[in-house]
Amino acid sequence: MSTRPLPNGPTVKGPEQWFTGDVYFNAYYAGQEPSRTRLNLVRFAPGAHTAWHAHAVGQTLHVTEGLGYVQSRGEDVIVLRPGDTVHTPAGEWHWHGATADQFMCHLALWEAPDPAGGQPETTWGEKLGEDEYPAAPGEG
Ligand code: MN
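Within each chain, residues carry numbers counting from 1 in the order of the written sequence. Where totals are concerned, whole chains, interfaces and linings use all residues; where local detail is concerned, this predicted model gives features only for residues with pLDDT of at least 70, and gives and counts side-chain atom pairs only at 80 or more. Calculated side-chain values reflect all of the structure's heavy atoms, with hydrogen atoms and water omitted.

Student: Whenever I open this one, the overall build of the protein confuses me. Can you help?
Tutor: Only DSSP runs of H or I reaching four residues or more are called helices, and only runs of E reaching two or more are called strands; each is numbered from the N terminus. Scanning the protein from N- to C-terminus turns up zero helices and 13 strands. Tracing the protein from N to C terminus, the helices and strands come up as β-β-β-β-β-β-β-β-β-β-β-β-β. Taken over the C-alpha trace, the protein has a radius of gyration of 15 Å; the compact-globule value for 140 residues is 14 Å, and the two agree within 12%. Relative accessibility under 20% of the residue-type maximum defines a buried residue, over 50% an exposed one, and the middle range a partly exposed one, all with a 1.4 Å probe and only protein chains included. Scored against the burial criterion, the 140 residues of the protein give a buried share of 38%. The globule rule used for comparison is 2.2 Å times the number of residues to the exponent 0.38, while the radius of gyration itself is calculated over C-alpha atoms.

What follows is the structure, given as structure tokens:
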């Protein structure tokens with residue numbers, strides 16, 4: 001093994017059961033054991049956002065473009081702007097996505113849990129209710 005470029009895979013549409021609206025991602029890196037690192041670029045169209053979910057080993061987002069939101073269950077909505085980096089701890093339920101009137105793109109960095117534990121990387125829950133997503137542009 002040596003330093004080498006990695007192939008660019010296809011841009012993939014985010015599945016409807018996990019995302020509201022149009023979301024596309026590129027999986028740039030998925031480490032092989034002993035690395036369990038994953039790196040994706042995720043692009044959210046205006047109004048698009050994830051369902052509630054939790055990452056077994058947490059997740060760090062770095063915003064590259066646009067305007068968006070991230071919110072942990074029971075906490076205030078945080079507005080995301082280009083250059084912002086936010087961390088969600090292991091097992092914490094949260095969602096992220098674009099504002100109602102802007103695109104938002106972020107890098108998503110996370111790790112898979114120890115495969116011996118049989119735990120999924122990400123546990124998906126319900127989609128956001130009408131009253132949960134901030135409908136007003138830039139609100140939050
Ligand atoms: Mn997440």
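Now, onward.
Student: How should I be thinking about the coordination of the manganese ion in this particular structure?
Tutor: Six octahedrally arranged donors around a metal ideally form angles of 90 or 180 degrees; four tetrahedrally arranged donors ideally form angles of 109.5 degrees. Coordination of the manganese ion by the protein involves His53 (NE2), His55 (NE2), Gln59 (OE1), His94 (NE2) and His96 (NE2), with metal-donor separations of 2.2 Å. All donors to the manganese ion come from one chain, and their sequence spacing reads H-x1-H-x3-Q-x34-H-x1-H. Of this pair, His55 sits in strand β6 (residues 53-55) while His94 sits in strand β11 (residues 94-98), and the two are 39 residues apart along the sequence. Across this residue pair, the class does not change: His55 and His94 are buried. Distances decide who is a donor: an N, O or S atom must be within 2.8 Å of the metal, or within 3.2 Å for Na, K and Ca. Water is not included, so sites may look incomplete.

Student: How should I be thinking about the packing of aromatic side chains in this particular structure?
Tutor: Any aromatic ring pair is given by two values, namely how distant the centres are and how the planes are angled relative to each other. Only centres within 6.5 Å qualify two rings of Phe, Tyr or Trp (six-membered ring in Trp) as a pair; their planes then separate them into stacked at under 30 degrees, edge-to-face at over 60, and tilted for everything else. Summed over all chains, the structure comprises five aromatic pairs. With a centroid separation of 4.9 Å and an interplanar angle of 5°, the aromatic rings of Trp18 and Trp124 are classed as stacked. Placement of the pair is Trp18 in the loop between β1 (12-13) and β2 (19-20) and Trp124 in strand β13 (residues 122-124), with a sequence separation of 106 residues. Judged by relative accessible area, Trp124 falls into the partly exposed class, the value being 25%. Consider the rings of Tyr69 and Tyr133, whose centres lie 6.0 Å apart with planes at 80°: the pair is edge-to-face.

Student: In this structure, what is going on with the sheet that holds strand β12 (residues 104-111)? I would like to understand it.
Tutor: Think of a sheet as strands paired side by side through backbone hydrogen bonds, with each pair either parallel or antiparallel. Strand pairing is assigned whenever DSSP detects at least two bridges linking the two strands. The strand order across the open sheet built from six strands is β1-β3-β4-β12-β7-β10, with neighbouring strands paired in antiparallel fashion. Every other strand in the sheet has two partners, leaving β1 and β10 (85-88) as the edge strands with one partner each.

Student: Help me out: how do you make sense of the pairing of β11 in this one?
Tutor: Remember that side chains alternate between the two faces of the sheet whenever the strand is regular. Along β11, five of the five residues are buried, which leaves the element largely enclosed by surrounding structure. Bridging between strand β8 (residues 68-72) and β11 involves five bridges; their strand directions are antiparallel. Each bridged residue has a counterpart across the sheet, and for Tyr69 the counterpart in β11 is Gly97.

Student: Whenever I open this one, the side chain of Asn26 confuses me. Can you help?
Tutor: Here Asn26 is to be found in strand β3 (residues 23-30). A polar atom in the side chain of Asn26 sits 3.4 Å from the side chain of Arg43. Whether two residues are in contact is decided by their heavy atoms: any pair within 4.5 Å suffices. Residues in contact with Asn26, not counting those within four places in the same chain, are Gly9, Pro10, Thr11, Leu39, Asn40, Leu41 and Arg43. Think of a polar contact as two N or O atoms within 3.5 Å of one another; within protein, one of them needs to be a possible hydrogen donor and the other a possible acceptor, and neighboring residues in sequence only count if both atoms come from side chains.

Student: It is not clear to me how the pairing of β3 should be interpreted in this structure. Could you clarify?
Tutor: Of the pairings in the sheet, the one linking β1 to β3 comprises two bridges and is antiparallel in character. Of the residues in β3, the one forming a bridge with Val12 is Phe25. Connecting β3 to the next strand, strand β4 (residues 37-44), in antiparallel fashion are six residues.

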